[in-house]
Amino acid sequence: MAVFEANLAALADKVAAKLSDKRFQHCLRVKDYAVYLAEQNEVDPEQAAVAALVHDYAKERPDADFLAMIDQQGLDPDLKNWGNPIWHGVVGAYFVKEELGIADPDILRAVTEHTTGAGHEMAPLSKIIFMADYLEAGRTFPGVAEARTITDESLNQGVFYQLSHTLSFLASQEKAIYPKTFDAYNDWALNQSTWS
Ligand code: GDP
Ligand code: FE
Ligand code: FE
């Protein structure tokens with residue numbers, strides 16, 4: 001445990017160097033909530049701590065960095081039509097891998113999926129990070145208390161709550177909805193009998 005704590009502190013310093021203090025504090029709160037949810041759901045809390053700490057690592061990079069990475073990795077060119085809200089997770093995972101040296105595929109996947117979610121067969125660690133980002137102690141949106149209670153009762157119900165509310169919120173703001181966000185919601189809605 002002591003070795004893990006030392007490594008986590010070194011990783012936190014690298015993340016802090018790339019983020020405003022405000023966003024770094026958000027990452028620390030996501031870490032606390034992710035460890036809490038991991039312990040409740042039999043997911044490795046150390047993996048959850050690392051994934052949470054790095055989930056927004058790329059969020060403050062210039063657009064040009066993301067566009068260059070999309071080309072470098074040969075990612076779907078449609079990504080270029082989107083922006084930072086989608087890029088910082090989907091493309092951000094490549095910066096986490098290259099610059100922070102994180103190779104654990106579960107962690108990289110949790111970073112990739114943390115904004116959009118994924119279908120109902122989403123990996124447990126991805127569900128934890130998706131929910132911890134939404135529910136961390138600094139979140140104050142209407143319904144956050146209800147969302148925390150639902151997630152305490154069922155991680156799956158929490159994920160579905162977030163997917164449906166985020167979709168409604170984006171539509172109410174007349175924002176574009178990324179296809180993966182839609183697909184994730186539909187997959188959970190269509191398969192409700194298998195996961196609820
Ligand atoms: P944060 O990085 O901690 O602020 O949280 P997220 O990574 O979950 O979300 C980043 C932003 O992306 C939020 O403002 C979400 O509402 C927004 N977002 C989530 N899904 C979509 C989507 O499908 N389309 C668009 N345009 N924005 C989205
Ligand atoms: Fe994010
Ligand atoms: Fe976040």
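Residues numbered from 1 in each chain as written. Chains lettered and ligands numbered in written order. Predicted model: local features only at pLDDT ≥ 70, side-chain atom pairs only at ≥ 80, totals over all residues. Heavy atoms only, no water.

(A) Focus on the coordination of the iron ion (ligand 3). Protein-derived ligands of the iron ion (ligand 3) are His-26 (NE2), His-55 (NE2), Asp-56 (OD) and Asp-133 (OD), with the metal-ligand distances lying across 2.2 to 2.3 Å. In primary-sequence terms, the residues that donate to the iron ion (ligand 3) follow H-x28-H-D-x76-D. Separating the iron ion (ligand 3) from the iron ion (ligand 2) is a distance of 3.5 Å, and Asp-56 supplies a donor atom to each of them. With Asp-56 in the loop between helix H3 (45-54) and helix H4 (63-72) and Asp-133 in helix H8 (residues 124-135), this pair connects stretches of sequence that are 77 residues apart. Asp-133 carries the same exposure label as Asp-56, and that label is buried. (Donors = N, O, S within 2.8 Å, 3.2 Å for Na, K, Ca; no water. Helix = DSSP H or I, 4+ residues; strand = E, 2+ residues; numbered from the N terminus. Buried < 20%, exposed > 50% of the residue type's maximum accessible area, 1.4 Å probe, protein only.)

(B) Inspection of the site of ligand 1 at higher detail. In the neighbourhood of ligand 1, 15 residues make up the surrounding shell, with Lys-59, Thr-115, Ala-176, Tyr-178 and Thr-181 lying closest. Here an oxygen atom of ligand 1 and a side-chain polar atom of Asp-56 are 3.2 Å apart. Ala-176 places a main-chain nitrogen or oxygen 2.9 Å from a nitrogen atom of ligand 1. In isolation ligand 1 has 590 Å² of accessible area, and contact with the protein removes 78% of it. Of the residues forming the shell around ligand 1, the biggest block, 3 residues, is contributed by helix H5 (residues 84-90). (Near = heavy atom within 4 Å. Polar contact = N/O pair within 3.5 Å; in protein donor to acceptor, adjacent residues only side chain to side chain. Areas by Shrake-Rupley, 256 points an atom, 1.4 Å probe, with all protein chains shown as cover.)

(C) Local environment of helix H7 (residues 105-113). Along H7, the positions that sit buried rather than exposed are Ile-107, Leu-108, Ala-110, Val-111 and Glu-113. Where H7 is buried, its residues touch H3, H5, helix H6 (92-100) and H8. Two to three positions downstream of the cap, the backbone nitrogen of Asp-106 sits 2.8 Å from a side-chain oxygen, assigning the N-cap of H7 to Asp-104. (Contact = heavy atoms within 4.5 Å.)

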